[in-house]
Amino acid sequence: MNRSELRDQLVSQILGGELDLTSAEVVEKGGLTLDAGKRLWRALGFPDTGDSIAYGAADVRAVSIVAASIEHGVLDELTAFRMTRALGHTMSRLADWQVSTLVEQVEHDVEGGKSGSRLEAAIELATNAAPGFEELILYVWRRHLAAAAARIEALGAADEELLSTVMTVGFADLSRFTSLANGLDDAALATLVENFETRCADIVTAHGGRVIKTLGDAVLFVCDDAVEGTRTALDLVRQIGTRAELPDICVGLATGSVISRLGDVFGPPVNLAARLSHVARSNRVLIDEGTALYLDDEFDMRTLPPRPLRGFGNLSPITVSERRGFFRTD
């Protein structure tokens, strides 16, 4: 096969069928109006293909699922499109992440003689690895969905309060990252960032927290309480700041009411945690008064002189460390 034929085979293998329909034909077969179909494609993150042949049976099935949920009153139209937008945004990032990760495997297969070309190696992975990982994606989504539902139920709040709760927000930032990045090639920079993000995610998760998002040289995370959030921050410094292959780290923590929306968190504690990380010294944790109120003899705290923090005026950050000789009993 030539390169074009291999590319078509790869697309067909991933999508599970041939592409023989236009967008207008898909939405008509799926039960949506053309206008609603265009809104759906935009919500899912797909470009408008006009009259081009770009869709198949799987696309008709996807449209019919959305149409049926609206028609039968399972979801109202606004909710249905908000749900699809969440899927599109999340899956786009996931796909980019997976493909960039698989590139190394593809290169290895070609260099080792397992495959004759990158496209052949990619087709092999799509044929043999994709089905299992498709099942794994569904499993992981269900587990996270159950956990998210449990968190909402545990709040025991009125409907209008379900998206707002008090939590501790952490912002972990690599120190002097820009100057370091300027001295690295692309491969080394990618390895450093992936190493940092992976270690942060493992540490935060081990403490029962959640990583909300990564921002290249920074990680935004949340914990349900200030004590565990502080332990998490100090563990990040201990495990990342002391590693020779990673730069120093600065962590800011703030506790207060946070709104969870669109897979993200918003509110003054989020902004304050970021500001505190920016003024923290290398391998130090700075917290706000709201966090300090919840801490006990497990930690040593020292209030620093007031300093201007953009959007918050002059505040006195509090540096925190583990108290020597203190033994936890939990």
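Remember, it's a predicted structure, so these values are computed and weren't measured experimentally.

### Structural notes on unusual backbone geometry
Okay, step 1: Although it is not a glycine, Asn283 sits at a positive phi angle of roughly 55 degrees.
Okay, step 2: Asn283 gets classed as partly exposed once you look at its relative accessible area, which sits at 21%.

### A word on helix α5 (residues 77-111)
Okay, step 1: Across its 35 residues, α5 extends 50 Å between first and last C-alpha, which sits within 8% of the 51 Å expected from 1.5 Å per residue.
Okay, step 2: What α5 keeps buried is the set Ala80, Phe81, Thr84, Gly88, Val106 and Asp109.
Okay, step 3: Residues of α5 that are buried in the fold lie against α3 (34-44), α4 (57-71) and α6 (118-128).
Okay, step 4: Capping the start of α5, Asp76 holds a side-chain oxygen 3.2 Å from the backbone nitrogen of Leu78, two or three residues further along.
Okay, step 5: Gly113 occupies a position one or two residues after α5 and carries a positive phi of about 80 degrees.

### With respect to the pattern of salt bridges
Okay, step 1: Taken as a whole and assessed by the stated rule, the structure comprises 9 salt bridges.
Okay, step 2: Ionic pairing is found between Arg231 and Glu298, a salt bridge with its closest N-O pair at 2.9 Å. Here Glu298 lies in the loop between α12 (289-292) and β7 (299-303) and Arg231 lies in helix α10 (residues 226-240), a separation of 67 residues in the sequence. Each member of the pair, Arg231 as well as Glu298, carries the same accessibility label: buried.
Okay, step 3: When salt bridges that share partners are traced, they join Glu228, Arg231 and Glu298 into one network.

What counts and what doesn't
Residues numbered from 1 in each chain as written. Predicted model: local features only at pLDDT ≥ 70, side-chain atom pairs only at ≥ 80, totals over all residues. Heavy atoms only, no water. Buried < 20%, exposed > 50% of the residue type's maximum accessible area, 1.4 Å probe, protein only. Helix = DSSP H or I, 4+ residues; strand = E, 2+ residues; numbered from the N terminus. Expected span 1.5 Å × (residues − 1). Contact = heavy atoms within 4.5 Å. Polar contact = N/O pair within 3.5 Å; in protein donor to acceptor, adjacent residues only side chain to side chain. Salt bridge = Lys/Arg side-chain N within 4 Å of Asp/Glu carboxyl O.

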